[in-house]
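# Remarks on the overall topology
Next come the chains, spelled out residue by residue.
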Amino acid sequence: CDTLRTFPRTSDGGFHHDTAKEGQLWLDGVYMALPFLVTYGQTFSDTSCYTEAANQIVIYASHLKDEKTGLLYHAYDEDGSEDWADNEDRRSHCFWGRSMGWFGMAIVDILDYIPADHPKRPQLIQILTNLIEGLARYQDAETGLWHQLVDQPDDPDNWLETSCSCMYTYFTARAVEKGYISTSYKQMAIRGYKGVLNHKLSIDDQGFASLKDITRGTMVRQDCEYYLQRPRETN
């Protein structure tokens, strides 16, 4: 926890993705630290950890949310010096599926620890709600899954990606279960769950399960084609 207290930040307090990524916020990075931070806070009765984790979610969302779609871009660069941040908002260009999965899972996990009367709690629930509402617009009607680039289902190079579909299903189900979002979204989670089982899961002759079409780990890039051409792994 002492490492996080002194970790380099953007001017508004967001943790850099790592010490070599000065000024950069990567959406998937929040899960690397924030669930640990609130667990630490509960274990050692350090309530400042709850506020820090909540602030990080708010800061990341403020830079990465797209108001039109409700989705979140992969990354932000404070000074705009990265070649993928060549627009007015200094954000990357693509809505990468798994990055939003890590972000949504971080929020539902954090909410398990942050006290009910914490002043930032309603804001976290609203950020989660906005994300789920955005994702609902892009759930594949036939399979219940989501694409590698969530907002481009009609691109012939795009494909239904398993890890983001699992993540969205998980945090949507948790949000419904905890009462953070309308119960009408239960069907969204059920369709995602069934979609993974029906289209991505296989059982071999020895009874071992495998999940296919999981994108390999991904850097931030300007060209969305980079994300579409990432290798697809099993398990």
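Worth saying up front: this structure is predicted, and the values here are computed from it rather than measured.

Calculation criteria
Residues numbered from 1 in each chain as written. Predicted model: local features only at pLDDT ≥ 70, side-chain atom pairs only at ≥ 80, totals over all residues. Heavy atoms only, no water. Salt bridge = Lys/Arg side-chain N within 4 Å of Asp/Glu carboxyl O. Helix = DSSP H or I, 4+ residues; strand = E, 2+ residues; numbered from the N terminus. Axes fitted to C-alpha atoms, helices over the stretch in contact; angles between N-to-C directions. Parallel < 35°, antiparallel > 145°, perpendicular 65-115°, else oblique. Left-handed = near helix turned anticlockwise from the far one by under 90°. Contact = heavy atoms within 4.5 Å. Phe/Tyr/Trp six-rings, centres within 6.5 Å; stacked < 30°, edge-to-face > 60°. Buried < 20%, exposed > 50% of the residue type's maximum accessible area, 1.4 Å probe, protein only. Lys NZ or Arg CZ within 6 Å of the ring centre and 35° of its normal. Disulfide = S-S within 2.5 Å.

## Focus on the pattern of salt bridges
Between side chains of opposite charge, a pair can form when the charged atoms approach closely. Inspection of the entire model under this criterion finds 10 salt bridges. Residues Arg 174 and Glu 177 are paired through a salt bridge, measuring 3.1 Å at the closest nitrogen-oxygen approach. You can see Arg 174 and its partner Glu 177 sitting in helix H6 (residues 162-178), 3 residues apart, about one turn around the helix. The partner of Arg 216 in a salt bridge is Glu 233, with the nearest N and O atoms 2.6 Å apart. Of the two residues, Arg 216 sits in the loop between strand E7 (214-215) and helix H8 (224-228) while Glu 233 sits in strand E8 (residues 232-233), which places them 17 residues apart along the sequence.

## Description of the packing of helix H3 (residues 48-64) against helix H4 (residues 97-111)
The contact between H3 and H4 brings their axes to 11 Å, and the two run at 150°. With respect to H4, the element H3 is oriented roughly antiparallel. Note on packing geometry: the crossing formed by H3 with H4 is left-handed. Together, Ala 53, Ile 57, Tyr 60 and Ala 61 of H3 and Phe 103, Ile 107 and Ile 110 of H4 make up the contact between the two elements.

## What about the packing of aromatic side chains?
If you walk through the whole model with that rule in mind, you get 9 aromatic pairs. Here the aromatic rings of Trp 96 and Tyr 227 are separated by 6.2 Å at their centres, their planes lie at 45°, and the arrangement is tilted. Of this pair, Trp 96 sits in the loop between strand E2 (75-77) and H4 while Tyr 227 sits in helix H8, and the two are 131 residues apart along the sequence. Here Trp 96 falls in the buried class, since its relative accessible area comes to 1%. Its relative accessible area of 0% is what places Tyr 227 among the buried residues. The ring of Tyr 226 carries Arg 221 above its face, with NZ or CZ at 4.9 Å from the centroid.

## Observations regarding the state of the cysteines
With the rule as written, the count across this model stands at 1 disulfide. The partner cysteine of Cys 94 in its disulfide is Cys 224, sulfur to sulfur 2.0 Å. Handedness here is read from the sign of the S-S torsion; for Cys 94 and Cys 224, about -110°, the answer is left-handed. Taken together, the residues span a long stretch of sequence, with Cys 94 in the loop between E2 and H4 and Cys 224 in helix H8 at a distance of 130 residues. Judged by relative accessible area, Cys 94 falls into the buried class, the value being 1%. This cysteine, Cys 164, is not joined by any disulfide, and Cys 166 carries the nearest cysteine sulfur, 8.5 Å off.

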